[in-house]
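Here is how the chains run, residue by residue.
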Amino acid sequence: MSEIIAITNQKGGVGKTTTAYNLASSLSRYNKRILLIDLDPQGNCSQAIGIDPTLSKKTVSELLLDNVDLKRAIRKTPFSNISLIPANLTLAMAESTLMANGGKANVNILKRKLSDPEADLFDFIIIDCPPSLGFLSLNALTAANSLIVPVQCEYFALDALAQLLATVTQVQRSTNPDLDIMGLLLTMFDPRTKLSTEIAQEVRSNFKDRVFTTVIPRNVSIPEAIANGVPVNEYKPSSAGSLTYASLAREVMEYAEKKHQTKA
Ligand code: ADP
Ligand code: MG
């Protein structure tokens with residue numbers, strides 16, 4: 001069975017997309033088979049993994065609207081072991097259509113689509129969520145087994161996190177009792193600034209062992225890699241960005257193995 005991970009935080013610019021495809025790439029180096037699902041109409045994740053989503057006819061929109069099955073929505077990427085369901089602006093329209101026709105009853109769609117045996121071909125399914133707690137994110141939270149919540153070390157909003165955790169509790173009570181928070185991930189950490197250190201301490205004291213040991217530093221190789229159309233571990237394997245995403249991948253694999261053993 002694959003581990004379905006949603007990367008979520010309703011704030012924009014905290015490192016969700018960066019984490020989605022760099023974690024995918026790091027896990028693929030450990031011979032894990034990855035399906036990335038871009039669930040943001042902006043299509044940043046698709047672009048980062050080398051696919052122009054504006055040219056894609058079969059995207060996550062067609063999947064959610066039930067026009068294609070899972071297998072036909074999945075496409076290969078330039079990177080071995082990483083497949084993708086792309087997103088583009090049509091996803092905003094698909095979202096409105098689904099909200100108008102069925103509304104809340106449709107928060108199960110992605111989960112239903114991922115119950116296809118085709119999903120079992122992957123060790124990890126990573127969903128890159130949009131910056132909101134709306135319909136698309138609720139679909140992701142309903143479909144996922146676990147969550148990674150990136151928290152930017154440059155701007156801390158405890159309120160926003162509390163709101164997110166309240167939504168998680170709601171989803172656990174309604175559509176997905178098994179949903180687990182794998183961890184909060186400190187991102188864009190800059191040890192030279194007092195603010196970064198303070199935020200990291202505050203997050204750890206509030207959320208304790210629910211925070212990943214790995215901290216992703218602010219590292220220029222990460223945006224440079226995007227400009228070069230590759231994940232950071234292809235662009236500069238020895239960079240702090242590459243090494244810390246590899247370390248996150250090891251924590252994620254350890255979590256999945258432990259969970260698997262408990263269930264077996
Ligand atoms: P989100 O998906 O949450 O909106 P992104 O992953 O798109 O956030 O990141 C926002 C911006 O910050 C992007 O331009 C990205 O390149 C940059 N960024 C993300 N993580 C880092 C990092 N660790 N170091 C430097 N820049 C980063
Ligand atoms: Mg994003």
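Residues numbered from 1 in each chain as written. Chains lettered and ligands numbered in written order. Predicted model: local features only at pLDDT ≥ 70, side-chain atom pairs only at ≥ 80, totals over all residues. Heavy atoms only, no water.

Considerations on the site of ligand 1
- Contacts to ligand 1 come from 15 residues, most closely from Gly13, Lys16, Thr17, Thr18 and Pro217.
- Measuring from an oxygen atom of ligand 1, one finds a side-chain N or O atom of Lys16 at 2.9 Å.
- For ligand 1, a nitrogen atom lies 2.8 Å from a polar atom in the backbone of Pro217.
- Contact with the protein chains hides 79% of the accessible area of ligand 1, taken as 560 Å² for the molecule alone. (Near = heavy atom within 4 Å. Polar contact = N/O pair within 3.5 Å; in protein donor to acceptor, adjacent residues only side chain to side chain. Areas by Shrake-Rupley, 256 points an atom, 1.4 Å probe, with all protein chains shown as cover.)

Thoughts on the sheet that holds strand β3 (residues 75-76)
- The sheet built from 8 strands is open, its strands ordered β3-β4-β2-β5-β1-β6-β7-β8 with mixed pairing. This sheet does not close on itself; its edge strands, each paired only once, are β3 and β8 (211-217).
- Alignment of strand β2 (residues 34-38) against strand β5 (residues 124-128), held across 5 bridges, turns out to be parallel. Residue pairing across strands places Leu36 opposite Ile126, the latter belonging to β5.
- Sheet strands in contact with helix α1 (residues 16-29) are β1 (3-7), β2, β4 (82-85), β5, β6 (146-152) and β7 (180-189), and its direction is about 165° off that of β5.
- Its contacts with the sheet put helix α9 (residues 194-207) on β6, β7 and β8, and the angle it makes with β7 is roughly 170°. (Pairing = 2+ DSSP bridges. Helix = DSSP H or I, 4+ residues; strand = E, 2+ residues; numbered from the N terminus. Contact = heavy atoms within 4.5 Å. Axes fitted to C-alpha atoms, helices over the stretch in contact; angles between N-to-C directions.)

Focus: empty space enclosed by the protein
- In this structure the tally under the stated criterion is 1 cavity of 30 Å³ or more.
- What lines the largest cavity is Asn9, Lys11, Val14, Val151, Gln152, Tyr155, Phe156, Ala157, Ala160 and Leu161.
- Listing elements by their share of the lining of the largest cavity, those giving two or more residues are β6 and α8 (158-173).
- Looking at the lining of the largest cavity, its residues break down into 7 nonpolar, 2 polar and 1 charged. (1 Å grid on protein atoms, 1.4 Å probe; cavity = no way out; pocket = protein on both sides within 12 Å on 5 of 7 lines; lining within 4 Å. Points joined across faces, edges and corners; volume = space filled by probe spheres on them. Nonpolar A, V, L, I, M, F, W, Y, C, P; charged D, E, K, R; others polar.)

Remarks on the pattern of salt bridges
- Summed over the entire model, instances satisfying the criterion amount to 7 salt bridges.
- Between Asp123 and Arg33 there is a salt bridge; the shortest N-O distance is 3.0 Å. Here Arg33 lies in the loop between α1 and β2 and Asp123 lies in the loop between α6 (109-114) and β5, a separation of 90 residues in the sequence.
- Overall, Arg33 belongs to the partly exposed group, its relative accessible area being 37%. (Salt bridge = Lys/Arg side-chain N within 4 Å of Asp/Glu carboxyl O. Buried < 20%, exposed > 50% of the residue type's maximum accessible area, 1.4 Å probe, protein only.)

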